Amino acid sequence: MTKTWLITGTSTGFGRALATLLAQKEDVRLVATARHPEQLDYLTPMDHGQILRLALDVTQLDQIKSVLKTVHDRWGNIDVLVNNAGIGYFGTFEESDLSAVQQMFAVNVWGLIHLTRAVLPEMRQQHAGTIVNFSSIGGLYSFPTLSYYHATKYAVEGMSESLEKEVRDLGIKVMLIEPSGFRTDWAGRSSQKTLPTHPDYQPLASFIQDNAQGAHHEAGDPQAAAQIIYDQVTHHQAELPLRLPLGEFAVKTALQKVQAEAVAFKANYELSASADRPLD
Ligand SMILES: NC(=O)c1ccc[n+]([C@@H]2O[C@H](COP(=O)([O-])OP(=O)(O)OC[C@H]3O[C@@H](n4cnc5c(N)ncnc54)[C@H](OP(=O)(O)O)[C@@H]3O)[C@@H](O)[C@H]2O)c1
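Bear in mind that the values here come from a model prediction, so they are computed numbers and not experimental data.

S.K.: Would you mind showing me how to read the pairing of strand E4 (residues 80-83) here?
M.R.: Side-chain direction in a regular strand flips from residue to residue, so the side chains alternate between the two faces of the sheet. A two-sided burial pattern is seen for E4, the buried positions comprising Val80 and Val82 on one face and Leu81 and Asn83 on the other. Sheet topology note: the strand E1 (residues 3-7)/E4 ladder contains three bridges and is parallel. Along E4, the bridge assignment pairs Trp5 with Val80. Pairing between E4 and strand E6 (residues 129-134): four bridges, direction parallel. Bridge pairing links Leu81 to Ile131 in E6.

This is how it looks when you write it as structure tokens:
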């Protein structure tokens, strides 16, 4: 059965890889969105009427409304929403530029919130739908100089986990994608960087510089990620995982994190439990 997929941020990276894959699938109607739709010309050779290319800055509510109206008028409801658009920010907690941090929250968190809330009524009505939210391994595990980026992705994780519990009996699936480093524009042009100025933070400068220099040399392959996402959503609906780390570093880090936390929680079990009142 043909499904309508809407993806945000399809100019480069994961979004472009997924749009390219979906544009070649017979069972897909593709709504490829980008802030600058002229960047979607790469889809032209694959377009035989099954692709809509629309302008969408996810921070602009009027554009969200207009995109959904256009899709609705043309094809009806959206079956799969991929909240992919996202940016990064490197800087220490103390010295980061908070206006840039707010812009990152506007894209990574509020954009995802607004779009998801806009598609949910139709998904509930049709008792079916899939929401794929791009988190990061940085939504589970934190590195220095990325505190605010982590804050956006932990927010996406917490909201998605809760949303999944609210909508699972309504026929709607929610899946979090948690990549480690992938060859996209994220670590380069899509992440603003503020090098530390205070001498106390100088040892952290090299972490930011190494990430900037490592852009486009990461282990992760966006085409492989796109194939995995398509296969999961299309063929493994029944077992769709809530959390899907992508890349070996991501899955290793996720495992280490949960194992270390389990040990720490168990070590303090009696202390933690002692904060309750005795039962009446
Ligand atoms: N690559 C990694 O290593 C990695 C790891 C973990 C998670 N992620 C996540 O993966 C997702 C996709 O990023 P990527 O790695 O593919 O990086 P990317 O190549 O830089 O792509 C980011 C996309 O987001 C779009 N975008 C930025 N601001 C937007 C806005 N206000 N409205 C709509 N679109 C906007 C960009 O569009 P423009 O071209 O207009 O800027 C671009 O299409 C992000 O959520 C990111 O946090 C990436």
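So much for the structure itself; the text now carries on.
S.K.: Is there a simple way to think about helix H2 (residues 61-75) in this case?
M.R.: The periodicity of an α-helix, 3.6 residues per turn, causes residues three or four places apart in sequence to face the same way. The first and last C-alpha atoms of H2 sit 21 Å apart over 15 residues, in line with the 21 Å expected at 1.5 Å per residue. Within the span of H2, buried status applies to Ile64, Val67, Leu68, Val71 and Trp75. For H2, the buried positions fall inside an angular range of 95° around the axis, keeping them on one side. The outward face of H2, more than 90 degrees from its buried face, is lined by the exposed residues Asp62, Lys65, Lys69 and Asp73. Packed against the buried residues of H2 are E1, strand E2 (28-34), strand E3 (51-55) and helix H3 (98-126). Once H2 finishes, Gly76 follows within two positions and takes phi at roughly 90°, a positive value.

S.K.: How should the site of the ligand be read in this particular structure?
M.R.: The ligand sits among 31 residues. The nearest are Ser11, Arg35, Tyr149, Thr184 and Ser190. The separation between an oxygen atom of the ligand and a polar main-chain atom of Gly9 is 3.0 Å. Between an oxygen atom of the ligand and a main-chain N or O atom of Gly86, the distance comes to 3.5 Å. Out of a free accessible area of 900 Å², the ligand has 98% covered by protein chains. For the shell around the ligand, the elements supplying multiple residues, two or more each, are helix H1 (13-22) and helix H4 (147-167). Of the residues belonging to the shell around the ligand, the class tally is eleven nonpolar, 15 polar and five charged.

The rules behind the values
Residues numbered from 1 in each chain as written. Predicted model: local features only at pLDDT ≥ 70, side-chain atom pairs only at ≥ 80, totals over all residues. Heavy atoms only, no water. Buried < 20%, exposed > 50% of the residue type's maximum accessible area, 1.4 Å probe, protein only. Helix = DSSP H or I, 4+ residues; strand = E, 2+ residues; numbered from the N terminus. Pairing = 2+ DSSP bridges. Expected span 1.5 Å × (residues − 1). Arc of directions from axis to C-beta. Contact = heavy atoms within 4.5 Å. Near = heavy atom within 4 Å. Polar contact = N/O pair within 3.5 Å; in protein donor to acceptor, adjacent residues only side chain to side chain. Areas by Shrake-Rupley, 256 points an atom, 1.4 Å probe, with all protein chains shown as cover. Nonpolar A, V, L, I, M, F, W, Y, C, P; charged D, E, K, R; others polar.

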